[in-house]
Amino acid sequence: MKHKAEIGESSRRKFLRGAAVAGAAMVAAPSIVRAQGPISMRWQSTWPSKDIFHEFALDFAKKVNDMTGGDLRIEVLPAGAVVPAFGLLDAVSEGTLDGGHGVMVYHYGKQTALALWGSGPGFAMDANMMLAWHKYGGGRDLLAKLYESIGANVVSFPYGPMPTQPLGWFKEPIAKAEDLKGLKFRTVGISIDVFTGLGAAVNALPGGEIVAALDRGLLDAAEFNNASSDRLLGFPDVSKICMLQGYHQNAETFEILFNKGKFEGLPDQLKAIITNAVDAASADMAWKAIDRYSTDYRELQSVDKVKFYKTPEAILKRQLEVYDEVVKRKSSENPVFKEVLQSQITFAERTTRWEQDTVVNRRMAFDHYFGPEGVAKSL
């Protein structure tokens, strides 16, 4: 039987050995973190620095940088800083850039089905409903399948619902579909095929090149996106006629791209922060757009003397008819295109029926408060 002194000495030695191991772990852990340091990513947007879209890209990066406490630092450069706007997907896939901010319709030449995330009427869905389809209706898995089909080494996060885009900027108001015939017109995505079907001579250009092309006569007319972008890019300097509303880009969203290896190499906590930052930025972008677009819409009229016209319903109907012809043809050529299309139709039939039956038409309320005999000023 051991003496008490021997037992005490043995316990003391065990304690000291345990303390030494724990101490070594405590010293080692912080040194590993310090050795890693913050992770830096170099991104590019597909937008000129003066465009509000580039501001949206910076907004997302700031959210991630702030939410990670500086552990991940994203720097966003404007279009052309590293690659041309239409070269973003290749640059991110190849690792020339770690990520980027743009729209999926810019990848139309690589896989036509990518344009279904925004280039078309959305089967009566708005962009927010399109995002609902992406997140809960099967779109996310289909998008991953599409990128895999073209060997794109990327992780994609659609976000940021856009309002219905104008038909475009013209020299004269467009009264009928026939007025589009022969016009040298800028658009992108499936809209290339739609406007070609309407008789226009289409040229796909990135946003930063449109106004210069209009000014030089290389284009007769063009569409881009919204009152703020159009004003900042200088559209009212080359045209005073804008036609509002169209089905060519009724439900478009932005896209946040990561190089797949770079994203998958991040710690799980940072990946979770990014995923939630996408949703936060999506909501914030939509709210900021309402404020800024409405302000610039007013300024375009009062300061820049732009005249806005509603696109005639006959043209809108013809857009739908031509779109139907285009997607039937694309579906016959591309099985994955058809798969995405049918998924959207299934989701839209249920959700738009619910929306049409449930959501009150706000036009009556608008006329009540702000129409010719509106009561808002008396309240």
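Small disclaimer: the values here were computed from a predicted structure and weren't measured. (Residues numbered from 1 in each chain as written. Predicted model: local features only at pLDDT ≥ 70, side-chain atom pairs only at ≥ 80, totals over all residues. Heavy atoms only, no water.)

Let's shift gears to the UniProt feature "binding site: substrate" (unreviewed entry) in the protein chain. When the UniProt feature table is mapped onto this chain, "binding site: substrate" (unreviewed entry) is found at Gln165, Arg186, Glu223 and Gln249. For the residues just named, distributed over 85 residues, the greatest C-alpha separation is only 13.6 Å, placing them together at one site. Lining the largest cavity, from the residues just named, are Gln165, Arg186, Glu223 and Gln249. For Gln165, the position within the fold is in the loop between strand E4 (154-161) and strand E5 (168-170). Its relative accessible area of 1% is what places Gln165 among the buried residues. (UniProt positions renumbered as here; feature names shortened; annotations may be inferred. 1 Å grid on protein atoms, 1.4 Å probe; cavity = no way out; pocket = protein on both sides within 12 Å on 5 of 7 lines; lining within 4 Å. Helix = DSSP H or I, 4+ residues; strand = E, 2+ residues; numbered from the N terminus. Buried < 20%, exposed > 50% of the residue type's maximum accessible area, 1.4 Å probe, protein only.)

Attention now moves to the pattern of salt bridges. Counted according to the given criterion, the structure contains 21 salt bridges. A salt bridge links Lys135 to Asp279; its shortest N-O distance comes to 2.9 Å. Note that Lys135 is positioned in helix H4 (residues 127-136) and Asp279 in helix H11 (residues 268-302), a separation of 144 residues in sequence. For Lys135, a relative accessible area of 32% puts it in the partly exposed group. In this structure, Glu339 engages Lys145 in a salt bridge whose closest nitrogen and oxygen atoms are separated by 2.8 Å. Here Lys145 lies in helix H5 (residues 139-149) and Glu339 lies in helix H13 (residues 335-358), a separation of 194 residues in the sequence. Accessibility expressed as a relative area gives 35% for Glu339, which makes it partly exposed. Residue class for Lys145 comes out partly exposed when judged on its relative accessible area of 38%. Several salt bridges share partner residues, and in doing so they unite Glu55, Asp59, Lys288 and Arg292 into one network. (Salt bridge = Lys/Arg side-chain N within 4 Å of Asp/Glu carboxyl O.)

Each domain of the protein chain was delimited in the assignment, giving domain 1 (39-164 + 251-292) and domain 2 (168-248 + 304-357). A C-alpha centroid distance of 22 Å is found between domain 1 and domain 2. Across the contact, 38 residues belong to domain 1 and 40 residues belong to domain 2. Of the roughly 3300 Å² buried where domain 1 meets domain 2, counting both sides, 67% is carbon and sulfur surface. Broken down residue by residue, the surface that domain 1 buries against domain 2 is led by Tyr108, Leu116 and Phe123, which jointly contribute 20%. There are 12 residue pairs in polar contact (both at pLDDT 80 or more) connecting domain 1 and domain 2. Residue contributions to the side of domain 1 that touches domain 2 peak at 4 residues, all from H4. When the residues that make up the side of domain 1 that touches domain 2 are grouped by side-chain class, the tally is 24 nonpolar, 8 polar and 6 charged. (Domains from an automatic or database assignment. Contact = heavy atoms within 4.5 Å. Buried area = accessible area lost by both parts, 1.4 Å probe. Polar contact = N/O pair within 3.5 Å; in protein donor to acceptor, adjacent residues only side chain to side chain. Nonpolar A, V, L, I, M, F, W, Y, C, P; charged D, E, K, R; others polar.)

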